[in-house]
Amino acid sequence: MNEPLDLETLAAEWRHDAGPAVDMDALRSELRRRNRSTTWVVAAEIVVTALLVAWTVGAVPGPSRSPLLIAWMWTYWAVATSLAWWNRFGQIRRSVVSPAAFARVSLARARAKIRVVRIVAGLFAAQAVFVLAYGARVSGSGAGGSAVAFLVASGLGTALWGWWYHGRARHQVSTYEAMCAEMEEGGPKG
Amino acid sequence: MAREGLFRRIVDEFGDPLWRVAGGYANDRDDREDLYQDILVALWQAAEGFRGDSSLRTFVYRVAHNRGISHRAYEQRRRHEPVDDDPVVSRLPDPLENVEAEATRTRLLHAIRQLSPTLGQPLMLRLEGLDNAEIAQILGLRPGTVAVRLTRARNALRDHLAEASP
């Protein structure tokens, strides 16, 4: 039962498993598709940001326009967009480190994702304070109603996104924590 | 284009080993094909930054195993018991090959999938014919640590193969 395993025999069996021929044209198409998809997502983020800011500025009557409200809108979307970019492009840079280092960086990034949800929730709460204050100040007008409707809609969207993103990040944290603990056993080199 | 030339070289030299790395992290055949494509895309993207600071082999295996780790972290929630739908088939048919040999290879693949990355990585690299020093270089470990992990991996593999034996 406990006889030693003959790795040389297993290696010969293992190396029998030959991969499919790589279709370079299909791979190029896949790369183009992924690049297009990234471009569309980024373009959509820019358009949505521009529309929201334009809509907000337009909805607030001239004399009541609060620079702080607009500043909060910009900050909220700028932070969310830049964090998304940071997340996307960090993937490529870290791909060539050793697997132990990769797992450590991945754990740090997964923990950062949880912080991102908290930051976005904090920004949203601050934004809500300003929007509700503004809504109370101009209550009865269309602008106040629109601002509160926007707040409710964006709050629902943010909550859904936060629930999904946070759950995924928590799962990654627990997976990478277990992986790192196991990989640190015996100690990494250097 | 330098990047395309390097990538073609990677595919020519490491296409089959990369397919086997994908097999070690995937759940089934479809998952393996997806991961294989992801590894190739990751290598294409990373190839632009390859400056020869490490050997091409180190570079390729690091990118592939890191992609495998990510795949496990993302897919683990959907992970299920390995199913027997990823039979190991040689590209060149060998008249001497029989059903029993294929079944053995498939059992080996499924046993490797059950190992944690810590044990699976050095074992897969050893099965590719790399020595402890090369494995240590790729995994960023001391050669002594690699030897310890290989012993543990070998024991775990023996147990998994024994469980899977008909």
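### Comments concerning the confidence of the model for chain B
All names here are of chain B. Mean pLDDT over chain B: 84, with 85% of residues reaching 70 or higher. Confidence, expressed as mean pLDDT per element, reaches its minimum in chain B at helix 4 (residues 99-113) with 84 and its maximum at helix 5 (residues 117-127) with 94. Of the two predicted TM-score estimates for the complex, the pTM is 0.77 and the ipTM is 0.82.

### A look at the interface of chain A and chain B
One widely used convention gives an interface's size as the accessible area the parts lose upon coming together. Counting from both sides, the interface comprises 49 residues of chain A and, opposite them, 61 residues of chain B. Summed over both sides, the interface of chain A with chain B buries roughly 5300 Å², with 59% coming from carbon and sulfur. One can count four salt bridges joining chain A with chain B. Here Arg34(A) makes a salt bridge to Asp38(B), at a shortest N to O gap of 2.7 Å.

### Structural notes on the nonpolar core
Counting residues in hydrophobic clusters, the biggest one holds 70 residues, and the most contacted among them are Ile10(B), Leu18(B), Leu43(B), Leu123(B) and Leu157(B). Ignoring sequence-local partners within four residues, the contact set of Leu123(B) consists of Leu7(A), Ile112(B), Leu115(B), Leu150(B), Ala153(B) and Leu157(B). With seven residues, the next largest nonpolar core counts Ala128(A), Val131(A), Val138(A) and Ala147(A) among its residues.

### Side note on helix 6 (residues 132-139) of chain B
Among the residues of helix 6 of chain B, those classed as buried are Ile135(B), Ala136(B), Ile138(B) and Leu139(B). Each buried residue of helix 6 of chain B lies within a common arc of 165 degrees when the element is viewed along its axis, so the set occupies one face. Next to the buried residues of helix 6 of chain B lie helix 4 (99-137) of chain A together with helix 3 (56-75), helix 5 and helix 7 (143-164) of chain B. For helix 6 of chain B, the capping residue at the N-terminal end is Asp131(B), with a side-chain oxygen 3.1 Å from the backbone nitrogen of Ala133(B). Just past helix 6 of chain B, the residue Gly140(B) takes up positive phi, approximately 70 degrees.

### Considerations on the environment of Thr175(A)
Inspection of the secondary structure puts Thr175(A) in helix 5 (residues 142-184). Sequence separation of Thr175(A) and Ala100(A) is 75 residues, and the distance between their C-alpha atoms is 14 Å.

### Focus on the pattern of salt bridges
On inspection of all chains with the given rule, the structure shows 16 salt bridges over all chains. Between Glu4(B) and Arg28(A) there is a salt bridge, with the nearest N and O atoms lying 2.3 Å from each other. Of this pair, Glu4(B) sits in helix 1 (residues 2-25) while Arg28(A) sits in helix 2 (residues 24-59), placing the two residues on different chains. Here Glu4(B) falls in the buried class, since its relative accessible area comes to 17%. On the basis of relative accessibility, which here comes to 25%, the residue Arg28(A) falls in the partly exposed class.

Procedures and definitions
- Residues numbered from 1 in each chain as written.
- Chains lettered and ligands numbered in written order.
- Predicted model: local features only at pLDDT ≥ 70, side-chain atom pairs only at ≥ 80, totals over all residues.
- Heavy atoms only, no water.
- pLDDT = per-residue confidence, 0-100.
- Helix = DSSP H or I, 4+ residues; strand = E, 2+ residues; numbered from the N terminus.
- Contact = heavy atoms within 4.5 Å.
- Buried area = accessible area lost by both parts, 1.4 Å probe.
- Salt bridge = Lys/Arg side-chain N within 4 Å of Asp/Glu carboxyl O.
- Core = buried A, V, L, I, M, F, W, Y, C linked by side-chain atoms within 4.5 Å.
- Buried < 20%, exposed > 50% of the residue type's maximum accessible area, 1.4 Å probe, protein only.
- Arc of directions from axis to C-beta.
- Polar contact = N/O pair within 3.5 Å; in protein donor to acceptor, adjacent residues only side chain to side chain.

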